[in-house]
Amino acid sequence: MITSLYENSFPMRFGVILYSAKFIKKIEMGGGEIELSAVENDKQNGDDISSLIIRLFIYVKENHGVQTAFQFLSNVNRLRIESEDSVEDALEIHHVEGAFVDTLLPKAKTPPQDILLKLEKDQVYKEQFQESSMFVFKMGLSKLKCCLLMNGIVRDSNEESLINAMNDELSRIQEQVYFGQINSRTDVLDKFLSESGCPRYNPQIVGSKGKPKFTSLSRSIVGKESVLDDISYLHSPNTLDDVKPVTHLVVVDVASKKGMKLLREGLQYLVGGSKIARLGILYNMNSSVDLHSLLFAKIIEIATSSYSHKQKVLNFLNHLCSLYENEYMVPSSLTLESTPVFMEKVYELADANGLPSKSFKAALLDFSVSRMKDHLSKVAQFIYWQLGLEYGVNAVITNGRVMLFGDESTILSHDLYLLESVEFKLRVKHVVEIVEEAKWQDIDPDMLTSKFISDVIMFVSSSMAMRERSSESARFEVLSARQSAVLLGTEDSIIHIDAVLDPLSPISQKLSSVLRVLGKYVQPSMRIVLNPMNSLVDIPLKNYYRYVVPTMDDFSSIDDTVNGPKAFFANMPLSKTLTMNLDVPEPWLVEPVIAIHDLDNILLENLGDSRTLQAVFELEALVLTGHCSEKDHDPPRGLQLILGTKTTPHLVDTLVMANLGYWQMKVSPGVWYLQLAPGRSSELYLLEEDGDEIKDQRPLSKRITINDLRGKVVHLGVVKKKGKEHENLLVTSDNDSHLEETKKGTRTSWNSNLLKWASGFIGGSDHLKKSQGTSAEHGKGGRHGKTINIFSIASGHLYERFLKIMILSVLKNCDRPVKFWFIKNYLSPQFKDVIPKMAEEYGFEYELVTYKWPTWLHKQKEKQRIIWAYKILFLDVIFPLSLEKVIFVDADQIVRADMGELYDMDIKGRPLAYTPFCDNNKEMDGYRFWRQGFWKEHLRGRPYHISALYVVDLVKFRETAAGDNLRVFYETLSKDPNSLANLDQDLPNYAQHQVPIFSLPQEWLWCESWCGNSTKTKAKTIDLCNNPMTKEPKLQGARRIVPEWVDLDFEARRFTAKILGEEIDEPQEPVTSLGESQNLITDNSSKEDKSEL
């Protein structure tokens, strides 16, 4: 790879560092030093292929140049790959020898074989080989085996990684050149390494190997005695009285080789010299440890507590570790007589290193095994409960950062230097600066020792490390804004906030409110830099915004009255039509519960003398969301889930989307149980246990606790049952035989059994009891037969008025039970008060459903377009899984036929059925956009359908993942502002190549704007669609077009007035002249909501 890039003249220089893994293993066994035996054993080095390659490479480089040396390495790799007798492409000695001969044969004056024999025999370049390997060891790169260093940054050793690294470095260099930090005299590599370089690489410390783990040491000392109070620390020679900002707590099990290795490396680290660090020892041993281990721990405790100031105490402890590890660590080889011998050797070591052996003898006279075990038990409990480490674990805790070392990982003294450097630079240094400026009031000066200050730094830095910080940062110091910056607060504030805002952006509406709250209660210093757009075609802000947060001002100082939180808007325009909405946290489902006026069409000048509008909103429920995954597969789209309690397992249900495996359910605080729905989902899949792979025993449900108002995101894993690995969850659209079997089995089994009681819980369980008078077979007022399910959506008082008329028109033309489904999100409190009484009076069922817009799906900004989206995007998940079919009917539609006929119609296995636009009103030909341009080419002869009335076969819709397909099309198209002008209509028509549509007979939907009067008498439904030519208001058009509309309207208004205790006027005569109606058109038309074409 390097040779190829070099030949292609890449703008960089290349170097190679070769090392021997065997030689580095010997260095590690020697504690970081080259053992004499390793150097002297030439024969063993000769058997090391890596050693031979390095020495041959150095010879070729010195005698024939760098390029030839790299060619030698390429030849070694080529011969290894081409060799037929090598096992698993293993490198063998003859590959190296052959590559050397091949490389030098065209260039050498003497036979290459003679040179090779001389180099192998004389061990030439041995020192260079050892230096190269020692360098790799000290850098900590040997465990990566092969890696790339780009200006000091460790990267993967492949060409793609190299190109990415080069691009990253180029942008970095360009930035520093721009700011004048690099000029023609700057050594770029030296500059980068001096700014952010580390002396060594260890992926556990500075790499990307997981997220660092921290523990707060301060909580272990609050209000009680702590093990940390009894620790005596070791220091590098001549640094005892210095403040040590870095504290290494070495947690060791001295009864294990791993623990002793860690302890010796810690001592070696101090011997090497550290001016800013100290080392404390915490013993993590089993209570059944032998006597010699207890004595060893006690002797170290005596040495550290009484003689840490002695020059040779570290040397004494090093020799003590060697003595214990070599002779007294294995209990099986020890006898009772060995203990006195061990003690005598300890006293000799003490005397040899200038420590008083008599003091050791006196201290050990009082040694009690039981007391020592009690002390070690106390330490072990501290390690387990406060630090979260298991018994017997070896670890290093550096100012709260926990480094674990298992069977596969080791730590060397060089890694402790690295830990010291990294932690001091990233975290501890800033704490030291603050502590140095602290004024220690009410503290005895005699207490302000170096140990006291070091302890404070350790406790504070460990606590600060527990706070998660964002990896994102911005360089605000380059903003020297003078004219466009607002400065608030004082420079003495402990918190400073920099904010860059576009004052006319929606996000600034929110941020400015948050900054205002912070400014009032936190009192930071603040700099707000205004960063507006250079030019605007239109004002981007279309709303007034207030941020609501609870404050102490909400509570009365006189009594227990609470006056908030609330949002107050003053000086609002009187003549503009406004809409009131709440911007709430994503997991919240909020609805208005008290609102006299129409919150979708607020005209303040019509409010009367008060000129004040009030509304009360209520947090109705929380949204439980999640992502479902199947290992090594795409998300199991269409997987059906149910949620409930232990006693009632099915209260809510949904299915998994293809998009991110997303699913959603409505919940309240409490304990819930999530499981796979009966049927195909539970036949094919099992829930995966948390953190486990495939097992025979798996949980039937997943427990979920909702204990706050932040909602919850649940990650659910599933796995196919044995023998079912190749079966599909969903049925393809052409698999009719399986479809019929599914329909017979699924519809007649659990779906039909749950229809009577489970369906209401997903959206309107609070209303189900109000409509129990109508069953699936026999309804109030003599209704009988299979229930017809009709779905509609309305927002604002005007469309709720139309919706009541539509309900009455449906009921007056059929004898079967009818159940209406309404989207709860947009209904007014008045409608929700009236609809239960209306259901009771007219003998129908109803249910309120809701669905929170997923965060990952591109959201519409206009309310009308959001409503259009709800008509089509969530049909597979907004209804209970037990619902098999539903008809959507627009709120402003009048039904003239029995909807049972449409409900029972065979739509030929298609998931959707729409009525095509009629074409017999020739006056509108110029507005039929689907007959030209893009739509004509895209439809390829298929009809363009109107969305005012359509049938959804929910079983087929879910089986074919039609909802997922529609959402994919929507996500692709909706980001273009010129796309999906009529969202609820354009989307299904655009997608009908993948989500096929059955075209209903033309008489099922008649609209004056597009259909001629000659077909009106055959119309089974009449839609009050807008006329793009006349723009006639809907109320006016309704009275003129539909003769029965006036009577239906009067009946609905009379019933509403009766429930609300209001009076109404007698019905007006319908307007029959279109010309007269055109003269009556006013600006009020702009106040009506948009509808279909």
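Worth saying up front: this structure is predicted, and the values here are computed from it rather than measured.

Rules of the game
- Residues numbered from 1 in each chain as written.
- Predicted model: local features only at pLDDT ≥ 70, side-chain atom pairs only at ≥ 80, totals over all residues.
- Heavy atoms only, no water.
- Helix = DSSP H or I, 4+ residues; strand = E, 2+ residues; numbered from the N terminus.
- Buried < 20%, exposed > 50% of the residue type's maximum accessible area, 1.4 Å probe, protein only.
- Areas by Shrake-Rupley, 256 points an atom, 1.4 Å probe, with all protein chains shown as cover.
- Pairing = 2+ DSSP bridges.
- Axes fitted to C-alpha atoms, helices over the stretch in contact; angles between N-to-C directions.
- Parallel < 35°, antiparallel > 145°, perpendicular 65-115°, else oblique.
- Left-handed = near helix turned anticlockwise from the far one by under 90°.
- Contact = heavy atoms within 4.5 Å.
- Nonpolar A, V, L, I, M, F, W, Y, C, P; charged D, E, K, R; others polar.
- Core = buried A, V, L, I, M, F, W, Y, C linked by side-chain atoms within 4.5 Å.
- Phe/Tyr/Trp six-rings, centres within 6.5 Å; stacked < 30°, edge-to-face > 60°.
- Disulfide = S-S within 2.5 Å.
- Lys, Arg positive; Asp, Glu negative; His and termini not counted.
- Salt bridge = Lys/Arg side-chain N within 4 Å of Asp/Glu carboxyl O.
- Polar contact = N/O pair within 3.5 Å; in protein donor to acceptor, adjacent residues only side chain to side chain.
- Expected span 1.5 Å × (residues − 1).
- pLDDT = per-residue confidence, 0-100.

1. What about the overall build of the chain?
Here is step 1 of the chain: For the chain, the count of helices and strands is 34 helices and 29 strands.
Here is step 2 of the chain: Across the 1093 residues of the chain, 47% fall into the buried class.
Here is step 3 of the chain: On the chain, roughly 56900 Å² of surface is accessible, and the fraction owed to carbon and sulfur atoms is 52%.

2. Description of the pairing of strand β19 (residues 702-706)
Here is step 1 of the chain: Side chains Lys702, Ile704 and Ile706 project from β19 onto a buried face, and the interleaved Arg703 and Thr705 project onto a face without burial.
Here is step 2 of the chain: Direction of pairing for strand β17 (residues 670-676) relative to β19: antiparallel, over a ladder of five bridges. Bridge pairing links Trp672 to Ile704 in β19.

3. What to know about the packing of helix α14 (residues 313-328) against helix α15 (residues 338-352)
Here is step 1 of the chain: Running from amino to carboxyl end, α14 crosses α15 at an angle of 160 degrees, the nearest separation of the two axes being 10 Å. One element, α14, and the other, α15, form an angle in the roughly antiparallel class. As for the relative orientation of α14 and α15, their crossing is right-handed in sense. On α15, the residues touching Phe316, His319, Leu320, Leu323, Glu327 and Tyr328 of α14 are Ser338, Val341, Phe342, Lys345, Val346, Leu349 and Ala350.
Here is step 2 of the chain: For the contact of α14 with α15, the per-class residue count stands at nine nonpolar, two polar and two charged.

4. Some details on the nonpolar core
Here is step 1 of the chain: Among the nonpolar cores identified, the biggest contains 115 residues, and Phe820, Phe822, Tyr870, Phe874, Met899 and Trp1045 are the most heavily contacted of them.
Here is step 2 of the chain: With nine residues, the single largest contributor to this core is helix α24 (residues 797-811).
Here is step 3 of the chain: Leave out the neighbours within four places in its chain, and Phe820 touches Ile790, Met806, Ile807, Val810, Leu811, Phe844, Glu845, Tyr846 and Glu847.
Here is step 4 of the chain: Among the nonpolar cores identified, the runner-up in size contains 57 residues, and Tyr283, Ala303, Val396 and Leu418 belong to it.

5. Some points on the packing of aromatic side chains
Here is step 1 of the chain: Under the counting rule described, the total for this entry stands at 42 aromatic pairs.
Here is step 2 of the chain: Their ring planes at 85 degrees and their centres at 5.2 Å tell us that Tyr178 and Phe179 sit as a pair that is edge-to-face.
Here is step 3 of the chain: By relative accessible area, Tyr178 is classed as exposed at 68%.
Here is step 4 of the chain: Under the relative-accessibility criterion, Phe179 is labelled partly exposed at 38%.
Here is step 5 of the chain: Ring centres of Phe929 and Tyr944 lie 5.3 Å apart, and the angle between their planes is 75 degrees; on these two criteria the pair is classed as edge-to-face.

6. A look at unusual backbone geometry
Here is step 1 of the chain: For Gln523, which is not glycine, the phi torsion reads 55 degrees and is therefore positive.
Here is step 2 of the chain: Summarising the element assignment, Gln523 is placed in the loop between α20 (506-521) and β11 (525-530).
Here is step 3 of the chain: Its identity as a non-glycine residue notwithstanding, Leu980 has a phi of 55 degrees, on the positive side.
Here is step 4 of the chain: As for its placement among the helices and strands, Leu980 is situated in the loop between α30 (962-974) and α31 (983-990).
Here is step 5 of the chain: With a relative accessible area of 6%, Leu980 lands in the buried category.

7. So, the state of the cysteines
Two cysteines, two sulfur atoms, one covalent bond between them: this is a disulfide.
Here is step 1 of the chain: Counted by the stated rule, this structure contains two disulfides.
Here is step 2 of the chain: Across the disulfide from Cys918 sits Cys1011; the S-S distance is 1.6 Å. Handedness of the Cys918-Cys1011 disulfide follows from its S-S torsion of about -75 degrees: it is left-handed. With a gap of 93 residues between them, Cys918 in the loop between β26 (912-916) and α28 (933-939) and Cys1011 in the loop between β28 (997-999) and β29 (1021-1023) connect regions that are remote in the sequence. A single burial state applies to Cys918 and to Cys1011, both of which are buried.
Here is step 3 of the chain: Across the disulfide from Cys1007 sits Cys1025; the S-S distance is 1.6 Å. Of this pair, Cys1007 sits in the loop between β28 and β29 while Cys1025 sits in the loop between β29 and α32 (1034-1041); the two residues are 18 residues apart in sequence, bridging distant segments of the chain. Taken as a pair, Cys1007 and Cys1025 share a single burial class, namely buried.
Here is step 4 of the chain: Sequence-ordered numbering of the bonded cysteines in the chain gives a pairing of 1-3, 2-4.

8. Observations regarding the side chain of Arg958
Here is step 1 of the chain: Considering the arrangement of structural elements, one finds Arg958 in helix α29 (residues 954-959).
Here is step 2 of the chain: Summary of buried charges: Arg958 has no salt-bridge partner, and the nearest side chain of opposite charge, Asp653, is 6.6 Å away.
Here is step 3 of the chain: At 3.5 Å, the side chain of Arg958 forms a polar contact with the backbone oxygen of Phe879.
Here is step 4 of the chain: The contact partners of Arg958, leaving out residues within four places of it in the chain, are Leu655, Leu730, Asp876, Phe879, Pro880, Leu881 and Leu883.

9. Focus: the pattern of salt bridges
Here is step 1 of the chain: For the coordinates displayed, the defined rule picks out 37 salt bridges.
Here is step 2 of the chain: Residue Asp102 pairs with Arg78 through a salt bridge whose shortest N-O separation is 3.7 Å. Remark: Arg78 occurs in helix α6 (residues 66-82) and Asp102 occurs in helix α7 (residues 93-104); sequence separation between them is 24 residues.
Here is step 3 of the chain: As a salt-bridge pair, Glu265 and Lys261 come within 2.9 Å of each other at their nearest N and O atoms. On the criterion of helical spacing, the pair formed by Glu265 and Lys261 is a turn pair, its members being four residues apart in helix α12 (residues 257-272).
Here is step 4 of the chain: On the accessibility criterion, Glu265 (4% relative accessible area) is buried.
Here is step 5 of the chain: The network of salt bridges with common partners includes Glu591, Glu620, Lys666, Lys824 and Lys832.

10. Here's the deal with the environment of Met580
Here is step 1 of the chain: Relative to the helices and strands, Met580 resides in the loop between β11 and β12 (588-595).
Here is step 2 of the chain: Residues Met580 and Tyr544, spaced 36 residues apart in sequence, show a C-alpha to C-alpha distance of 9.6 Å.

11. Considerations on the sheet that holds β19
Here is step 1 of the chain: As summarised here, the arrangement of the four strands in space is β15-β14-β17-β19, forming an open sheet in which the pairing is antiparallel. In the strand order of this sheet, the two ends are held by β15 (652-655) and β19, each with one partner. On average, adjacent strands in this sheet sit at an angle of 25 degrees to one another, irrespective of strand direction.

12. Here's the deal with the sheet that holds strand β24 (residues 885-889)
Here is step 1 of the chain: Overall, mixed pairing links the seven strands, which are arranged β23-β22-β21-β24-β27-β26-β28 in an open sheet. Either end of the sheet is taken by a strand with one partner, and the two such strands are β23 (845-849) and β28. Pairs of neighbouring strands in the sheet enclose a mean axial angle of 30 degrees, with direction left out of account.
Here is step 2 of the chain: Note that β26 and strand β27 (residues 945-953) share five bridges and pair antiparallel.

13. Overview of helix α19 (residues 450-465)
Owing to its 3.6 residues per turn, the α-helix aligns residues three or four sequence positions apart on the same side.
Here is step 1 of the chain: With 16 residues, α19 should reach 22 Å at 1.5 Å per residue; the first-to-last C-alpha distance of 22 Å fits that figure.
Here is step 2 of the chain: The set of residues buried in α19 consists of Ser450, Ile453, Ser454, Asp455, Val456, Ile457, Met458, Phe459, Ser461, Ser462 and Ala465.
Here is step 3 of the chain: For α19, the secondary structure elements touched by its buried residues are β3 (213-214), β5 (246-252), β6 (277-283) and α18 (413-436).

14. Thoughts on the pairing of β23
Here is step 1 of the chain: For β23, the buried fraction is high: five of the five residues fall into the buried class.
Here is step 2 of the chain: With burial as the criterion, each face of β23 is covered, one bearing Glu845, Glu847 and Val849 and the other bearing Tyr846 and Leu848.
Here is step 3 of the chain: Two elements, strand β22 (residues 818-823) and β23, share five bridges in a ladder whose sense is parallel. Among the inter-strand pairings, Phe822 is bridged to a residue of β23, identified as Leu848.

15. A closer look at the side chain of Lys804
Here is step 1 of the chain: If you trace the backbone, Lys804 turns up in helix α24.
Here is step 2 of the chain: Despite its burial, Lys804 pairs with no opposite charge; the closest candidate is Glu800, at 6.0 Å N-O.

16. Considerations on the environment of Ala1038
Here is step 1 of the chain: Along the chain, the position of Ala1038 falls in helix α32.
Here is step 2 of the chain: Considering only alpha carbons, one finds Ala1038 and Gln893, 145 residues apart in sequence, at a separation of 9.6 Å.

17. Some words on the confidence of the model for the chain
Here is step 1 of the chain: Put simply, the chain has an average pLDDT of 81, and 85% of its residues get 70 or more.
Here is step 2 of the chain: Low pLDDT, under 50, characterises residues 36-40; the predicted model gives this stretch six contacts beyond four residues in sequence or across chains.
Here is step 3 of the chain: Every residue in residues 691-696 is under pLDDT 50, and counting partners more than four places away or in other chains gives five contacts.

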